[in-house]
Amino acid sequence: MSEPSYFFCGIGGSGMLPLAMIVQAQGAAIEGSDRALDQGRTPEKFDWLRAHGVTLHPQDGSGIRADMTVVATGAVEDTVPDIGAAKRLGATIVTRPELLSRIFNAAPTSVGVAGTSGKSTITGMIAWILQQADRDPTVMNGAVMRNFADADHPFASALVGGADLFVAEVDESDGSIARYDPSVAVVSNISLDHKSMEELRDLFGGFTGRAQTAVLNLDNPETAALAQGLVDDGRGEAVLTFALGNDAADLSAHDLAPLPTGMTFALTERAGGTRIAATLNVPGAHNVANALAALAAVRALGVPLDRAVAALETFAGIRRRMEVVGTANGVTVIDDFAHNPDKIAATVKTLHAFDGRLLMLFQPHGFGPLKLMKAEFIDTFAGLLRPDDVLLMPEPVYYGGTTDRSVGSEDIAAGVRAAGRTAEALSDRAACGDRLIDLARPGDRIIVMGARDDTLSQFAAELLDRLRA
């Protein structure tokens, strides 16, 4: 009997590539296509896929066969030739969330990590702790975990381990969180991002309600309300809470102190009064909160706290999460995934803990989020930028389609300027790059922020090269 064959449409995507690797490890043949491949973008990623046994095709429908299972992202429209060909040939079509949730729910023990911010970092922390504790997890993350990246695995957003323990970042933006039935449900925080608060409350409430254990953040009003709801329903034993400086939480962090590239804090466990000195080599108070979420999740799986804290000290972080690209002529370039108001605020607050002007390039990841969160973006930048900081914005990422483009980058920049801070919207990213180089002087930090565009990291590296010149 031949091995099952899967065709991933958009296989280079941060969510698709790791899932393809996990499915391949389960014995399937993998083929795929990607618009970026056809456009000649990120060729090294597609060379890597070919070298790892993946057959690649143009995204024109020519690679589709009737005996395949065709995997589509939520973002792939029916007008994509591969999907049209699959329908004509009668091939099975599943969405990425359908396939991932099917594999996730089949695992005897599963950890789902959800929330508006911090998901990828928490997932990476849990993965590293479990691997160091010899639990052999299979992990699906939405970003590259630096601990698992090496020359042969440059795109280590998945970890292929055993079938008994599956850890996955879970997305609420497309509603697919409703498909997951986790043993342990982690919710870092809930705030306005892609859906209304009413929809988010329903989705996260269902997710935690289906779990054997819910790990929830008392510092966020929405997740604290979820915890209280489970207690009110008589399920208090199913709740593990965490918080910064709040002894009412099951796990709390005190005495936070910033290091240039990390944090120290004292971890307290409410049940036994245990207090453990902890060190992180990723910066910011938000990463202490992420660490607490990860520690509570592995606690629910029986990993001793002292062993988990020791593993976290060697957690190397997630690619594009305040990743220092390098320093040239006194200017440091930082590559960061921040793309919604919460993430942007966490990045800027962390960087402001140390001296130096911030020169920020923020590339919005779509016109839709700009329209939905226009006021929140303006308030975030206007409230956090210092008088000498500078915000530069190109227009949002746009690859075609019927998106409403009525709110653009100039609308955000104008609002920030009206609040007395410096912000410019320029024609494109190249113009922003030229402006950054003109502005930069020793002591500055350039932050390249944005999501859903693999070329941002290349852009950040090119800025560093230009600064060296």
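Before going into details, it helps to say that this report is about the structure given with it. Quick caveat: nothing in here was measured; it's all calculated off a predicted structure.

Thresholds, definitions, all that
- Residues numbered from 1 in each chain as written.
- Predicted model: local features only at pLDDT ≥ 70, side-chain atom pairs only at ≥ 80, totals over all residues.
- Heavy atoms only, no water.
- Pairing = 2+ DSSP bridges.
- Helix = DSSP H or I, 4+ residues; strand = E, 2+ residues; numbered from the N terminus.
- Axes fitted to C-alpha atoms, helices over the stretch in contact; angles between N-to-C directions.
- Contact = heavy atoms within 4.5 Å.
- Salt bridge = Lys/Arg side-chain N within 4 Å of Asp/Glu carboxyl O.
- Buried < 20%, exposed > 50% of the residue type's maximum accessible area, 1.4 Å probe, protein only.
- Phe/Tyr/Trp six-rings, centres within 6.5 Å; stacked < 30°, edge-to-face > 60°.
- Expected span 1.5 Å × (residues − 1).

1. Concerning the sheet that holds strand β1 (residues 5–9)
- Read across the sheet, 5 strands follow the order β3-β2-β1-β4-β5 without closing on themselves; strand pairing throughout is parallel. In this open sheet, the two strands that pair with only one neighbour each are β3 (55–57) and β5 (92–95). Going from strand to strand, the sheet's axes swing by 25° on average, the running direction of each strand aside.
- With 4 bridges connecting them, β1 and strand β4 (residues 69–72) associate as parallel partners. Paired with Phe7 across the two strands is Val70, which belongs to β4.
- In the packing of helix α1 (residues 16–25) onto the sheet, contacts are made with β1, β2 (29–33) and β4, and the angle to β1 comes to roughly 175°.

2. Things to note about the pattern of salt bridges
- For the coordinates displayed, the defined rule picks out 19 salt bridges.
- Residue Asp465 is joined to Arg468 by a salt bridge in which the shortest nitrogen-to-oxygen separation is 3.2 Å. Of this pair, Asp465 and Arg468 both sit in helix α16 (residues 455–468), 3 residues apart, roughly one helical turn.
- Look at the salt bridges and you will find they share partners, linking Glu31, Arg65 and Asp67 into a network.

3. Some points on the pairing of strand β10 (residues 184–187)
- Both faces of β10 are covered, namely the face carrying Val184 and Val186 and the face carrying Ala185 and Val187.
- Relative to β10, strand β6 (residues 109–114) is paired through 4 bridges, and the arrangement is parallel. Note on β10: the bridge partner recorded for Ala114 is Val187.
- Across 4 bridges, the pairing between β10 and strand β11 (residues 213–217) is parallel. For Val184, the partnering residue across the bridge sits in β11 and is Thr213.

4. Here's the deal with the packing of aromatic side chains
- Tallied over the full model, the rule gives 7 aromatic pairs.
- Judged by centre distance (5.1 Å) and plane angle (75°), the ring pair of Phe104 and Tyr180 falls under edge-to-face. Of the two residues, Phe104 sits in helix α5 (residues 96–106) while Tyr180 sits in the loop between β9 (165–169) and β10, which places them 76 residues apart along the sequence. In this pair, the class of Phe104 matches that of Tyr180, namely buried.
- Note on Trp128 and Phe148: the rings are 5.6 Å apart at their centroids and 70° apart in plane angle, and the pair reads as edge-to-face. Separated by 20 residues along the polypeptide, Trp128 in helix α6 (residues 119–132) and Phe148 in the loop between β7 (138–140) and β8 (158–159) bring together distant segments of the chain. An identical accessibility class is assigned to Trp128 and Phe148; each is buried.
- Joined through ring pairs, the aromatic side chains of Phe104, Phe166 and Tyr180 make up one cluster.

5. A word on α16
- Taking 1.5 Å of rise per residue, 14 residues should cover 20 Å, and α16 covers 20 Å from first to last C-alpha, within 8% of that figure.
- Considered for burial, the residues of α16 that qualify are Thr455, Leu456, Phe459, Ala460, Leu463, Leu464 and Leu467.

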